[in-house]
Each structure stands twice: as structure tokens, then as C-alpha cells.
Amino acid sequence: MKTQSIYLSILFSFFSIIAFAQTKPATLKSEEIKVWGNCGMCKSTIEKAAKAGGASTAIWNEDTKILKVKYVSAKTNGAKIQQKIADAGYDTKDLTAKDEAYNNLHECCKYDRKATTAVKHDKDCCSSKDCTASKDCCSDKCAKDAKDCCTKTK
Ligand SMILES: [Cu+2]
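Residues numbered from 1 in each chain as written. Predicted model: local features only at pLDDT ≥ 70, side-chain atom pairs only at ≥ 80, totals over all residues. Heavy atoms only, no water.

Undergrad: Explanation requested: helix α2 (residues 40-52) in the structure shown.
TA: For the α-helix, the turn length of 3.6 residues means that residues three or four positions removed from each other point alike. With 13 residues, α2 should cover 18 Å at 1.5 Å per step; its first-to-last C-alpha distance of 18 Å lies within 8% of that length. Those residues of α2 not exposed but buried are Cys42, Ile46, Glu47, Ala49 and Ala50. Burial along α2 is one-sided: seen end-on, the buried residues are contained in an arc of 160 degrees. Every exposed residue of α2 that faces more than 90 degrees away from the buried side is listed here: Lys48 and Ala52. In this structure, the buried residues of α2 make contact with β2 (57-60), β3 (66-72) and α3 (78-87). (Helix = DSSP H or I, 4+ residues; strand = E, 2+ residues; numbered from the N terminus. Expected span 1.5 Å × (residues − 1). Buried < 20%, exposed > 50% of the residue type's maximum accessible area, 1.4 Å probe, protein only. Arc of directions from axis to C-beta. Contact = heavy atoms within 4.5 Å.)

Have a look at this one:
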């Protein structure tokens, strides 16, 4: 009787091991997130922040400003990861870091912020020949610099 129950319990543990092994493997999601930044120091801060946000791998490219992350979807998501990065002082695709977080960055890490690069882009648009009032670039900021093109209706 005793040996039988031992056998049973061994058998049972085998079954539970098999059942455990067959539970759905956690799905690893990949995502590419644009993150503003400029140097190697930024790279390590951004990657560290992404990992603090739950990413299992995080690789930021200094030239393309693209952060490639992999994470277990049950554990975190792109928004949470971006929040951690913004908290560390870096603007992301969907978020803008608080000024105080940005100001805390090392001098060499004070990158051109998303807003300023967007304005630069607007200026480019406004100086292009096909700029008209209906263009996105004719925001208030831009219109100051390129009133003529932004009042054109055609
Ligand atoms: Cu830097």
C-alpha cells in the first residue's frame, strides 16, 4: 500500500511536470520605438530604463534613434517601457520627458528635444514650394517664421 502510494505520487509528479511544460510559452513581443538622444551615455541610460520597464532586451541605435525592445507581453507593454524612458529624461515616440528629468541629464546628453526637432521639420516644410495653409507644418510656431506660405490657400 505504501509503495503503491509512492508510485502514485511519482506518477503524479511526472504528469504535473508534463502539464507544466505544456503550459503556453510566454509570448515574446518585439517593438521598435523612436527615442530621442545623442550619445553612448544616452544609449546606456535608455537601454537601462527600458529594462527597468520590463524589457528583456533593449538595443538603442545612436544613428537611427530607434530602440528595439523585446518583452513578455504578460509582463509589460510598449507604453510602460516608454514611461520609464521618459522618466529617465528622454523623449519617446509617444511621450515627452518632463523638463526636470531632461535638465538632470549629463551636459553631453542634452539632446535636441522632440519639440525642437519637430519645429525644425516644420520649418523645412514651410520653406518647401508646396506649403499651403492646410499643411500640418503651418502650426503657430511655424507660421511665425513662414507666414507667407502658411497663408497661401492653394
Ligand atoms: Cu548622451
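Undergrad: In this structure, what is going on with the side chain of Thr76? I would like to understand it.
TA: By the element assignment, Thr76 lies in the loop between β3 and α3. Classification of Thr76 by relative accessible area gives buried; the value is 4%. Polar side-chain contacts of Thr76 include one of 2.7 Å to the backbone oxygen of Gly53. Once you skip the residues sitting within four places of it in the chain, Thr76 turns out to touch Gly53, Gly54, Ala55, Tyr71 and Ile81. (Polar contact = N/O pair within 3.5 Å; in protein donor to acceptor, adjacent residues only side chain to side chain.)

Undergrad: Even after reading the chapter, I still don't get the coordination of the copper ion, so can you show me in this structure?
TA: Perfect tetrahedral coordination of a metal by four donors corresponds to 109.5 degrees between them, and perfect octahedral coordination by six donors corresponds to 90 or 180 degrees. Protein ligation of the copper ion involves Cys39 (SG), Cys42 (SG) and Cys109 (SG), the donor distances falling in the range 2.0 to 2.2 Å. Coordination of the copper ion draws on donor residues from a single chain, spaced C-x2-C-x66-C in sequence. Taken together, the residues span a long stretch of sequence, with Cys42 in helix α2 and Cys109 in the loop between α4 (99-103) and α5 (114-127) at a distance of 67 residues. For Cys42, a relative accessible area of 0% gives the class buried. (Donors = N, O, S within 2.8 Å, 3.2 Å for Na, K, Ca; no water.)

Undergrad: So what exactly am I meant to see when it comes to the environment of Trp60 here?
TA: Counting through the fold element by element, Trp60 comes out in strand β2. Taking the relative accessible area as the measure of exposure, Trp60 reaches 1% and is therefore buried. Trp60 has contacts with Val35, Trp36, Gly37, Asn38, Cys39, Cys42, Lys43, Ile46, Glu47, Lys65, Ile66 and Leu67, leaving out every residue within four places of it along the chain.

Undergrad: I keep staring at α3 and nothing clicks. Help me out?
TA: Within α3, burial applies to Gly78, Ile81, Gln82, Ile85 and Ala86. Down the axis of α3, the smallest arc covering the buried residues is 140 degrees, so these residues share one side. Between a side-chain oxygen at the N-terminus of α3 and the backbone nitrogen of Ala79 the separation is 3.1 Å; the capping residue is Asn77. Of the residues trailing α3, Gly89 is marked for its positive phi of about 110 degrees.

Undergrad: I'm lost on the environment of Thr116 in this one. Help?
TA: Turning to its location among the elements, Thr116 is positioned in helix α5. With a relative accessible area of 43%, Thr116 lands in the partly exposed category.

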